[in-house]
Amino acid sequence: MNYRALGHTSLQLSEISFGTWTIGGDWGNTDDIEALRALQAAMDAGVNFFDTADVYGMGHSEELLAKATQGKEHNIHIATKFCRSGDILNPATYSETSIRHYLEGSLRRLKRDYVDIYQIHCPPMFILKDGSVFEVLEKLMDEGKIRYYGVSVETVEEGIYTIEHSNAKALQVIFNLFRQKPIESLFPLAKQKGVGILARLPLASGLLTGKFTPEHRFSENDHRNFNEHGEKFNVGETFAGLGFVKGVELAEQVRWIAENRGNMTRAALRWILDFDAVTCAIPGFRTTAQVEDNLKSLKVPSFSKEEHQRLREFYRIQVQPWIRGAY
């Protein structure tokens, strides 16, 4: 396993770490026994960081992490998030009373005394500009309830604002072959200011695994069914803002990335790790086999300068015009 510093912090995180939305809910049926096996397989391979949120299965993914990491609390780092179990447009959701309530709930479910990284979960820009939420997080740092804080953002503009107007040490952004906008201005600023980048949805909700056909149908309790067009939350969280059929078509156009890299999954994750502004990619998983396959991305060749340029042009010409929603 390779490890990278989270910006200007003391945390060294595994390059491939894992998000736990998929084992909490909204991705179809889940299997807790297999999820725990997969978490153990990840840790056995050297993974030392997991990302979660209080709304993933209404706290279920946090509870699974507590079981999996029992006795390893000082070696396995956890980031969780808050605000989306409330009304994200209501300033009261970000009051000190509310944030303390959210945090205590997460700590109870995680069975921990503190959280390594506490993240605001995709708040609107006016909350970031108000700034009082950052004052509360600074207070929680001083009290030792959290080690660092960060923001999970939907847009590059929100990310830049966070870096320039807070002491956030982590920025979670949607970044993959279909969402390359952060490369232009966000990544250089994050590197300059010492803010670590956590690349979420690195496989574009599974599109970049190359395993889907246009005829595929997702189950009713899978957000790839009920949020394809942003019906429930930001459209960018599903298929990187692309419609499913269009996304499958675009994935076919980059199937060449798998040459000499095993498969598209490993290649897509390797491409992300080629950017030194990125601390780690955090793919989701439901099975041990998926964990093991994701980790094989660490062994495949990096992309050449010419390949990177080819993929940048592909994004600019073929992908960017089809992305929906602010990003």
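In this report, the structure presented in the accompanying data block is examined. Please read these numbers as outputs of a predicted model, since none were measured by experiment.

**Remarks on the nonpolar core**
- By size, the foremost hydrophobic cluster in this structure holds 94 residues, and its most contacted members are Leu137, Phe175 and Phe178.
- The element contributing the most residues to this core is helix α11 (residues 264–273), with seven residues.
- Excluding residues that lie within four positions of it along the chain, phenylalanine 178 makes contacts with Ala204, Leu207, Leu208, Ala240, Leu242, Gly247, Leu250, Ala251, Phe314, Tyr315, Val319 and Ile323.

**Quick look at the packing of helix α4 (residues 96–110) against helix α6 (residues 132–142)**
- Contact pair α4 / α6: the axes reach a minimum separation of 10 Å and the direction vectors enclose 50 degrees. Classified by the interaxial angle, the pair formed by α4 and α6 is oblique. Seen from above, α4 lies across α6 with right-handed handedness. Of the residues in α6, those in contact with Glu96, Ile99, Arg100 and Leu103 of α4 are Val133, Val136, Lys139 and Leu140.

**So, the pattern of salt bridges**
- This structure, assessed with the given rule, holds 21 salt bridges.
- Residue lysine 145 is joined to glutamate 104 by a salt bridge in which the shortest nitrogen-to-oxygen separation is 3.1 Å. Of the two residues, lysine 145 is situated in the loop between α6 and β7 (146–152) and glutamate 104 in helix α4; the sequence distance between them amounts to 41 residues.
- Its relative accessible area of 37% is what places glutamate 104 among the partly exposed residues.
- Taking the shortest distance from any N to any O, the salt bridge between aspartate 222 and arginine 224 comes out at 2.9 Å.

**Overview of the sheet that holds β7**
- What the eight strands build is an open sheet, ordered β3-β4-β5-β6-β7-β8-β9-β10; its pairing is parallel. Lying at the two open borders of the sheet, with one neighbouring strand each, are β3 (18–19) and β10 (278–282).
- Pairing analysis gives six bridges linking strand β6 (residues 115–121) to β7, with the strands arranged parallel. For valine 115, the partnering residue across the bridge sits in β7 and is isoleucine 146.

**Observations concerning the packing of aromatic side chains**
- Scanning all chains against the criterion turns up 17 aromatic pairs.
- Centroid distance phenylalanine 239 to phenylalanine 244: 5.2 Å. Interplanar angle 40 degrees. Geometry classified as tilted. Pair check on accessibility: phenylalanine 239 and phenylalanine 244 agree, each one buried.
- Lying over the aromatic face of tyrosine 327, lysine 181 brings its terminal NZ or CZ to 5.0 Å of the ring centre.
- Over the aromatic face of phenylalanine 303 sits the side chain of arginine 261, whose NZ or CZ is 3.7 Å from the ring centroid.

**What to know about the pairing of β10**
- Of all five residues in β10, five are buried; the element is thus mostly enclosed.
- In the sheet, strand β9 (residues 196–200) pairs with β10 via four bridges, with the strands oriented parallel. Looking at β10, one finds that alanine 199 is bridged to alanine 281.

**Some thoughts on the state of the cysteines**
- Applying the stated criterion across every chain yields a total of zero disulfides.
- There is no disulfide at cysteine 122, and the cysteine sulfur nearest it, in cysteine 83, is 7.5 Å away.
- Among the residues examined, cysteine 122 registers a relative accessible area of 6% and is labelled buried.
- Of all cysteine sulfurs, the one in cysteine 122 lies closest to cysteine 280, which takes part in no disulfide; the gap is 16 Å.

Rules behind the numbers
- Residues numbered from 1 in each chain as written.
- Predicted model: local features only at pLDDT ≥ 70, side-chain atom pairs only at ≥ 80, totals over all residues.
- Heavy atoms only, no water.
- Core = buried A, V, L, I, M, F, W, Y, C linked by side-chain atoms within 4.5 Å.
- Buried < 20%, exposed > 50% of the residue type's maximum accessible area, 1.4 Å probe, protein only.
- Helix = DSSP H or I, 4+ residues; strand = E, 2+ residues; numbered from the N terminus.
- Contact = heavy atoms within 4.5 Å.
- Axes fitted to C-alpha atoms, helices over the stretch in contact; angles between N-to-C directions.
- Parallel < 35°, antiparallel > 145°, perpendicular 65-115°, else oblique.
- Left-handed = near helix turned anticlockwise from the far one by under 90°.
- Salt bridge = Lys/Arg side-chain N within 4 Å of Asp/Glu carboxyl O.
- Pairing = 2+ DSSP bridges.
- Phe/Tyr/Trp six-rings, centres within 6.5 Å; stacked < 30°, edge-to-face > 60°.
- Lys NZ or Arg CZ within 6 Å of the ring centre and 35° of its normal.
- Disulfide = S-S within 2.5 Å.

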